[in-house]
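Observations on the model geometry
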Amino acid sequence: MSLINRLFAGRHASLGGIALLALILMVVMPMILDLYRLNLAGRYLTYAFVALGLVLCWGYGGILSLGQGIFFGVGGYAMAMFLKLEASDPHSTRIQTTPGIPDFMDWNRLTELPWFWVPFESLTLTVLAVLTLPAAFAFVIGYAMFKRRVSGVYFAIITQALAVVLTILIVGQQGYTGGINGITDLRTLKGWDIRDDSSQYLLYYLNAVLLIACVLIGRWVLGSKYGRILTALRDREDRVRFSGYDVANFKIFIFCLAAFMSGIGGAMFTLQVGFMSPSFVGIVPSIEFVIFAAVGGRLSLLGGVYGALLVSYAKTLFAEAYPQLWQVMIGAVFILVVLLLPYGLASLVDRYRSALGSRLPWMQKRTRHPPATENRS
């Protein structure tokens, strides 16, 4: 099967659904939202990268990760390090004790740039780091866990613990990471002001294009032979293993792919909001990412995207209208969706489509019957 056919094969995300998503993101939302709301929507789209990866990892691979904030943070911090170094040129930091290094390093009495910061002076190396470091971290975690057949709730708890460890490490190493405040005051990318109005529009569209590209990648993977094996692995792991497949390698790959997408989301988040802090790395954001995938539909690529947008918007709406109760209201919405729609909002769409298709003859699937043959006897 050719690459094009594989890209658009399968029923995991219809071309019409992807085209509708692109229309909503690229045309409808910029038309109906003001710049402030559009900037918020761009921030929500960065969460959708993680939700999309969780649909692949959890919904189809059966791997529930409660530590996706790790990979979101790694991608975000990689981009933040580059932007911070650009903002810390000797002229801008001439009042510091040691000009040419980030301000929080100077406050913590560092006299030179740490060695692991040096590669982030290059935008090319930074982009490579955003694309490879999250996947590399996921490979190390996945290899250590899956090769030893650690799965299920044990894997979820371990990833959650790793998210806590990374958060503590970032906060504790204030001189190297900015501590609990994170890396802030990010203004330019190669001299381009990322905070003005035109930049916010451009970053939003870049967000949307990259997200659509990740949806197509996910669709290609699920429409391939690997996707079918992945689904079989989720349902009957022992049978797949007895068939001669290395189950651990399949799990490692999908876990790394989910981390790859999360890293892109983290980098775009840093560009969108102009900072990165450990509050987006720990347990709370990781669980929120799982909620996005669960509400949207953990078996639907597009459901993960819509889930991230809808839950994030509801969170903002409730926080503005009911600042004392918004967390309770978000929890209630999540509980209702899980109880009434175990497979998320995407299952509701499928149910409506099936009901409509049964009433409209032209929406029903046509079955091909073999041509009748003459009886010559």
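Residues numbered from 1 in each chain as written. Predicted model: local features only at pLDDT ≥ 70, side-chain atom pairs only at ≥ 80, totals over all residues. Heavy atoms only, no water.

**Examining the overall build of the chain**
Helix and strand counts for the chain come out as 16 helices and 2 strands. Long-range contacts, defined here as pairs at least 24 residues apart, represent 76% of the contacts in the chain between residues at least 6 apart. (Helix = DSSP H or I, 4+ residues; strand = E, 2+ residues; numbered from the N terminus. Contact = heavy atoms within 4.5 Å.)

**Focus on the packing of helix 2 (residues 15-32) against helix 9 (residues 197-223)**
Two elements in contact, helix 2 and helix 9, have axes separated by 10 Å at closest approach and are oriented at 175 degrees. Viewed along their axes, helix 2 and helix 9 adopt a mutual orientation that is roughly antiparallel. Residues Leu15, Ile18, Leu21, Ala22, Leu25, Met26, Met29 and Pro30 of helix 2 form the contact with helix 9, whose own contacting residues are Tyr204, Tyr205, Ala208, Val209, Leu211, Ile212, Val215, Leu216 and Arg219. (Axes fitted to C-alpha atoms, helices over the stretch in contact; angles between N-to-C directions. Parallel < 35°, antiparallel > 145°, perpendicular 65-115°, else oblique.)

**Some words on the packing of helix 14 (residues 301-321) against helix 15 (residues 326-340)**
One can describe the packing of helix 14 onto helix 15 by two numbers: an axis separation of 9 Å at closest approach and a directional angle of 145 degrees. Helix 14 and helix 15 meet at a crossing whose hand is right-handed. Taking contact as the criterion, the partners of Val311, Ala314, Lys315, Phe318 and Ala319 in helix 14 are, on helix 15, Trp326, Met329, Ile330 and Val333. Tallied by class, residues from the contact of helix 14 with helix 15 come to 8 nonpolar, no polar and 1 charged. (Left-handed = near helix turned anticlockwise from the far one by under 90°. Nonpolar A, V, L, I, M, F, W, Y, C, P; charged D, E, K, R; others polar.)

**Focus: the pattern of salt bridges**
Should their charged atoms come close, side chains of opposite charge can pair. Inspection of every chain in the model, using the stated rule, returns 10 salt bridges. A salt bridge links Arg37 to Glu320; its shortest N-O distance comes to 3.3 Å. Of the two residues, Arg37 is situated in helix 3 (residues 35-60) and Glu320 in helix 14; the sequence distance between them amounts to 283 residues. Under the relative-accessibility criterion, Glu320 is labelled partly exposed at 45%. A salt bridge links Asp193 to Arg195; the nearest nitrogen and oxygen atoms lie 3.7 Å apart. Note on Asp193: relative accessible area 29%, which makes it partly exposed. (Salt bridge = Lys/Arg side-chain N within 4 Å of Asp/Glu carboxyl O. Buried < 20%, exposed > 50% of the residue type's maximum accessible area, 1.4 Å probe, protein only.)

**Considerations on the side chain of Ser65**
Checked against the element boundaries, Ser65 lands in the loop between helix 3 and helix 4 (68-87). Residue Ser65 is classed as buried on the basis of its relative accessible area of 1%.

**Let's talk about helix 6 (residues 123-146)**
The terminal C-alpha atoms of helix 6 lie 34 Å apart, and with 24 residues this matches the ideal 34 Å at 1.5 Å per residue to within 8%. The largest bend along helix 6 reaches roughly 35 degrees and is located at Ala129. If you check which residues of helix 6 are buried, you get Thr126, Ala129, Val130, Pro134, Ala135, Ala138, Ile141, Gly142, Met145 and Phe146. Where helix 6 is buried, its residues contact helix 4, helix 7 (152-172) and helix 12 (247-273). Where helix 6 starts, the residue carrying a side-chain oxygen 3.4 Å from the main-chain nitrogen of Thr124 turns out to be Ser122. (Expected span 1.5 Å × (residues − 1). Bend = angle between axes of the 7 residues up to and from the residue. Polar contact = N/O pair within 3.5 Å; in protein donor to acceptor, adjacent residues only side chain to side chain.)

**Some thoughts on the side chain of Gln96**
Along the chain, the position of Gln96 falls in the loop between helix 4 and helix 5 (103-107). With a relative accessible area of 14%, Gln96 lands in the buried category. Among the polar contacts listed, one links the side chain of Gln96 to the backbone oxygen of Thr98, at a separation of 3.1 Å. Setting aside anything within four residues of it in sequence, one finds Gln96 in contact with Ile101, Pro102, Asp103 and Asp106.

**Focus on the nonpolar core**
Generally speaking, nonpolar side chains in soluble globular proteins are found buried as a group. Within the largest apolar cluster, 105 residues are counted, with the highest numbers of intra-cluster contacts made by Leu25 and Tyr47. Not counting residues within four places of it along the chain, the set of residues in contact with Leu25 comprises Pro30, Leu45, Tyr204, Ala208, Leu211, Ile212 and Leu309. (Core = buried A, V, L, I, M, F, W, Y, C linked by side-chain atoms within 4.5 Å.)

**Comments concerning the confidence of the model for the chain**
Low-confidence regions, as indicated by low pLDDT, have predicted coordinates that should not be scrutinised in detail. In the predicted model, the chain carries a mean pLDDT of 86, and the fraction of residues at 70 or more is 89%. Segment residues 1-11 is flagged for pLDDT under 50; beyond a separation of four residues in sequence, or across chains, it makes 16 contacts in the model. Predicted confidence is poor over residues 365-377, with pLDDT under 50, and the contacts of this stretch with residues over four places away or in other chains come to 1 contact. (pLDDT = per-residue confidence, 0-100.)

**Some words on a nonpolar patch on the surface**
Together, Leu20, Leu23, Val27, Val28, Met31 and Ile32 give the surface a local cluster of nonpolar side chains, amounting to about 570 Å² of exposed area. Here Val27 lies in helix 2. (Patch = residues over 30% accessible without salt bridge, like charges linked within 9 Å, V, L, I, M, F, W, Y side chains within 5 Å. Areas by Shrake-Rupley, 256 points an atom, 1.4 Å probe, with all protein chains shown as cover.)

**Considerations on the environment of Phe275**
Relative to the helices and strands, Phe275 resides in the loop between helix 12 and helix 13 (283-296). With a relative accessible area of 27%, Phe275 lands in the partly exposed category. Taking C-alpha positions, Phe275 is 7.3 Å from Gly182, a pair spaced 93 residues apart along the chain. Apart from the residues lying within four places of it in its own chain, the contact partners of Phe275 are Ile183, Thr184, Leu186, Phe269, Thr270 and Phe280.

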